[in-house]
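Working through the structure, step by step
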Amino acid sequence: QPDRDTLRGISDSLQRAGKDLFLTDEDWLLYGEGRINGGLMFAKNTNFTKALFQDTFYAHVRGPAQVKHWKIGAKDMECSSNEQICLNDLWRGKGKPFFAPFATMASGKRYNRGAERGGVKHITDPDVEIMHWMGGSKGSAGHALCNGVDLTGDGPQGYGCTP
(Lines give C-alpha, C1' and ligand atoms only; values in the text may rest on other atoms or scores of the structure.)
Protein backbone atom coordinates (compact mmCIF):
# COMPACT_ATOMS: atom_id res chain seq x y z
CA GLN A 1 0.00 0.00 0.00
CA PRO A 2 1.98 2.98 -1.26
CA ASP A 3 -0.01 5.42 0.88
CA ARG A 4 1.01 3.74 4.17
CA ASP A 5 4.26 3.87 6.09
CA THR A 6 4.24 0.17 6.91
CA LEU A 7 7.74 -0.02 8.34
CA ARG A 8 7.10 2.87 10.73
CA GLY A 9 3.91 1.10 11.80
CA ILE A 10 5.85 -2.09 12.49
CA SER A 11 8.46 -0.12 14.43
CA ASP A 12 5.73 1.55 16.48
CA SER A 13 4.11 -1.83 17.21
CA LEU A 14 7.43 -3.17 18.53
CA GLN A 15 7.77 -0.13 20.75
CA ARG A 16 4.23 -0.48 22.11
CA ALA A 17 4.70 -4.20 22.79
CA GLY A 18 8.17 -3.79 24.29
CA LYS A 19 9.60 -6.32 21.83
CA ASP A 20 12.76 -6.40 19.72
CA LEU A 21 11.82 -8.64 16.78
CA PHE A 22 8.77 -8.54 14.48
CA LEU A 23 7.96 -11.82 12.73
CA THR A 24 5.15 -12.96 10.48
CA ASP A 25 3.51 -16.32 10.08
CA GLU A 26 2.29 -18.28 7.06
CA ASP A 27 -1.41 -17.93 7.82
CA TRP A 28 -2.17 -17.60 4.10
CA LEU A 29 -1.38 -21.33 3.87
CA LEU A 30 -3.43 -24.19 5.26
CA TYR A 31 -1.87 -25.05 8.66
CA GLY A 32 0.52 -22.08 8.41
CA GLU A 33 -0.90 -19.99 11.24
CA GLY A 34 1.73 -19.53 13.95
CA ARG A 35 4.56 -20.89 11.78
CA ILE A 36 7.26 -18.27 11.14
CA ASN A 37 8.03 -17.32 7.55
CA GLY A 38 11.54 -15.88 7.26
CA GLY A 39 10.60 -13.66 4.31
CA LEU A 40 10.02 -10.65 6.56
CA MET A 41 11.77 -9.97 9.82
CA PHE A 42 12.03 -6.49 11.31
CA ALA A 43 14.55 -6.17 14.12
CA LYS A 44 15.44 -3.37 16.49
CA ASN A 45 19.15 -2.84 17.01
CA THR A 46 19.40 -4.38 20.48
CA ASN A 47 21.75 -6.68 22.35
CA PHE A 48 19.18 -9.46 22.00
CA THR A 49 18.81 -9.20 18.21
CA LYS A 50 22.56 -8.92 17.71
CA ALA A 51 23.10 -12.04 19.81
CA LEU A 52 20.23 -13.84 18.09
CA PHE A 53 21.57 -13.29 14.58
CA GLN A 54 25.09 -14.22 15.69
CA ASP A 55 23.70 -17.37 17.31
CA THR A 56 21.62 -18.44 14.33
CA PHE A 57 24.49 -17.79 11.92
CA TYR A 58 26.92 -19.78 14.05
CA ALA A 59 24.39 -22.61 14.46
CA HIS A 60 23.75 -22.66 10.72
CA VAL A 61 27.47 -22.91 9.99
CA ARG A 62 27.77 -25.81 12.44
CA GLY A 63 24.88 -27.63 10.77
CA PRO A 64 23.64 -30.67 12.68
CA ALA A 65 26.18 -30.19 15.48
CA GLN A 66 24.49 -28.68 18.52
CA VAL A 67 25.59 -25.35 19.91
CA LYS A 68 25.97 -25.87 23.64
CA HIS A 69 25.59 -22.28 24.82
CA TRP A 70 23.75 -19.65 22.78
CA LYS A 71 24.33 -15.98 23.54
CA ILE A 72 20.57 -15.54 24.00
CA GLY A 73 20.60 -18.23 26.73
CA ALA A 74 19.35 -21.28 24.82
CA LYS A 75 21.31 -24.49 25.24
CA ASP A 76 22.01 -27.56 23.14
CA MET A 77 20.22 -26.50 19.95
CA GLU A 78 21.12 -26.75 16.28
CA CYS A 79 20.00 -25.16 13.01
CA SER A 80 20.45 -28.04 10.66
CA SER A 81 18.38 -26.68 7.75
CA ASN A 82 17.47 -23.03 7.15
CA GLU A 83 16.81 -19.88 9.17
CA GLN A 84 13.04 -20.34 9.02
CA ILE A 85 13.19 -23.77 10.64
CA CYS A 86 15.74 -22.50 13.15
CA LEU A 87 13.53 -19.57 14.15
CA ASN A 88 10.51 -21.85 14.47
CA ASP A 89 12.51 -24.12 16.78
CA LEU A 90 13.30 -21.08 18.90
CA TRP A 91 9.69 -19.80 18.79
CA ARG A 92 7.98 -23.11 19.63
CA GLY A 93 10.70 -25.44 20.90
CA LYS A 94 13.17 -25.54 23.74
CA GLY A 95 14.49 -22.08 22.83
CA LYS A 96 11.10 -20.49 23.52
CA PRO A 97 11.87 -19.18 27.04
CA PHE A 98 14.86 -17.26 25.66
CA PHE A 99 13.32 -16.13 22.36
CA ALA A 100 9.58 -15.55 22.71
CA PRO A 101 9.78 -12.76 25.33
CA PHE A 102 11.61 -10.60 22.78
CA ALA A 103 9.57 -11.42 19.66
CA THR A 104 6.11 -10.75 18.36
CA MET A 105 4.21 -12.52 15.60
CA ALA A 106 1.87 -10.84 13.13
CA SER A 107 -0.30 -12.12 10.33
CA GLY A 108 1.50 -13.02 7.13
CA LYS A 109 -1.77 -12.32 5.29
CA ARG A 110 -1.14 -8.69 6.08
CA TYR A 111 2.62 -8.21 6.41
CA ASN A 112 4.17 -11.02 4.37
CA ARG A 113 1.53 -12.30 1.95
CA GLY A 114 2.87 -15.14 -0.11
CA ALA A 115 2.33 -14.70 -3.83
CA GLU A 116 2.41 -18.40 -4.61
CA ARG A 117 -0.69 -20.58 -5.08
CA GLY A 118 -2.75 -17.65 -6.33
CA GLY A 119 -1.77 -15.34 -3.47
CA VAL A 120 -0.69 -12.64 -5.93
CA LYS A 121 -4.36 -11.93 -6.63
CA HIS A 122 -4.48 -10.36 -3.14
CA ILE A 123 -1.92 -7.67 -3.98
CA THR A 124 -4.52 -4.90 -4.10
CA ASP A 125 -6.49 -6.09 -1.05
CA PRO A 126 -6.66 -3.17 1.38
CA ASP A 127 -5.40 -5.31 4.26
CA VAL A 128 -2.24 -6.49 2.46
CA GLU A 129 0.73 -4.28 3.31
CA ILE A 130 3.66 -6.43 2.15
CA MET A 131 3.68 -9.06 -0.60
CA HIS A 132 6.35 -11.77 -0.66
CA TRP A 133 7.44 -13.48 -3.87
CA MET A 134 9.33 -16.72 -3.37
CA GLY A 135 10.07 -19.85 -5.31
CA GLY A 136 7.98 -20.32 -8.41
CA SER A 137 5.95 -17.15 -7.83
CA LYS A 138 8.90 -14.79 -8.46
CA GLY A 139 8.08 -14.51 -12.16
CA SER A 140 4.72 -12.88 -11.39
CA ALA A 141 6.21 -9.93 -9.46
CA GLY A 142 6.88 -7.59 -12.38
CA HIS A 143 3.45 -7.96 -13.90
CA ALA A 144 1.69 -7.62 -10.52
CA LEU A 145 3.61 -4.48 -9.52
CA CYS A 146 3.87 -2.69 -12.85
CA ASN A 147 0.74 -3.39 -14.88
CA GLY A 148 -2.62 -1.88 -14.11
CA VAL A 149 -2.46 -0.28 -10.67
CA ASP A 150 0.85 1.52 -10.05
CA LEU A 151 2.04 -0.08 -6.83
CA THR A 152 5.62 1.19 -7.04
CA GLY A 153 4.72 4.87 -7.12
CA ASP A 154 7.19 5.43 -9.97
CA GLY A 155 5.04 4.34 -12.91
CA PRO A 156 5.71 1.60 -15.46
CA GLN A 157 9.13 3.01 -16.37
CA GLY A 158 10.22 3.63 -12.79
CA TYR A 159 12.18 1.71 -10.20
CA GLY A 160 11.42 -2.00 -10.21
CA CYS A 161 9.45 -1.92 -13.44
CA THR A 162 11.96 -1.10 -16.12
CA PRO A 163 13.33 -4.32 -17.64
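Residues numbered from 1 in each chain as written. Predicted model: local features only at pLDDT ≥ 70, side-chain atom pairs only at ≥ 80, totals over all residues. Heavy atoms only, no water.

For the rest of this paragraph, the subject is the overall build of the chain. From N to C terminus, the chain includes 6 helices and 7 strands. When the helices and strands of the chain are placed in sequence order, the string is α-β-β-α-β-β-α-α-β-α-β-β-α. Dimensions of the chain, computed from C-alpha atoms along their principal axes, come out at roughly 55 × 35 × 30 Å. Every one of the 163 residues in the chain was classed for burial, and the buried ones make up 43%. Taking contacts inside the chain between residues at least 6 apart in sequence as the whole, the part at least 24 apart equals 44%. Carbon and sulfur atoms provide 53% of the accessible area of the chain, an area that totals close to 9,300 Å². Each charge class in the chain was averaged separately, 20 positive and 19 negative side chains, and the resulting centres sit 7 Å apart. (Helix = DSSP H or I, 4+ residues; strand = E, 2+ residues; numbered from the N terminus. Buried < 20%, exposed > 50% of the residue type's maximum accessible area, 1.4 Å probe, protein only. Contact = heavy atoms within 4.5 Å. Areas by Shrake-Rupley, 256 points an atom, 1.4 Å probe, with all protein chains shown as cover. Lys, Arg positive; Asp, Glu negative; His and termini not counted. Charge placed at Lys NZ, Arg CZ, Asp CG, Glu CD.)

Moving on, we come to the state of the cysteines. Taken as a whole, this structure holds 1 disulfide when the rule is applied. Disulfide partner of Cys-79: Cys-86, at an S-S distance of 1.7 Å. The class of Cys-86 is buried, set by a relative accessible area of 2%. (Disulfide = S-S within 2.5 Å.)

This brings us to the side chain of Thr-6. Summarising the element assignment, Thr-6 is placed in helix H1 (residues 6-17). Beyond its immediate sequence surroundings of up to four residues, Thr-6 is in contact with Tyr-111, Glu-129 and Ile-130.

A separate point is the nonpolar core. Grouped together as the largest cluster of nonpolar side chains are 20 residues, with contacts concentrated most on Leu-52, Trp-70, Ile-72, Leu-90 and Phe-99. Among the elements of the structure, strand E1 (21-25), helix H2 (47-62) and helix H3 (83-92) are those that each provide at least two residues to this core. If we skip the residues at most four places from it in the chain, Ile-72 touches Phe-48, Ala-51, Leu-52, Asp-55, Leu-90 and Phe-98. In terms of nonpolar packing, the next biggest core, distinct from the first, is built from 8 residues, Ala-115, Val-128, Met-131 and Ala-141 among them. (Core = buried A, V, L, I, M, F, W, Y, C linked by side-chain atoms within 4.5 Å.)

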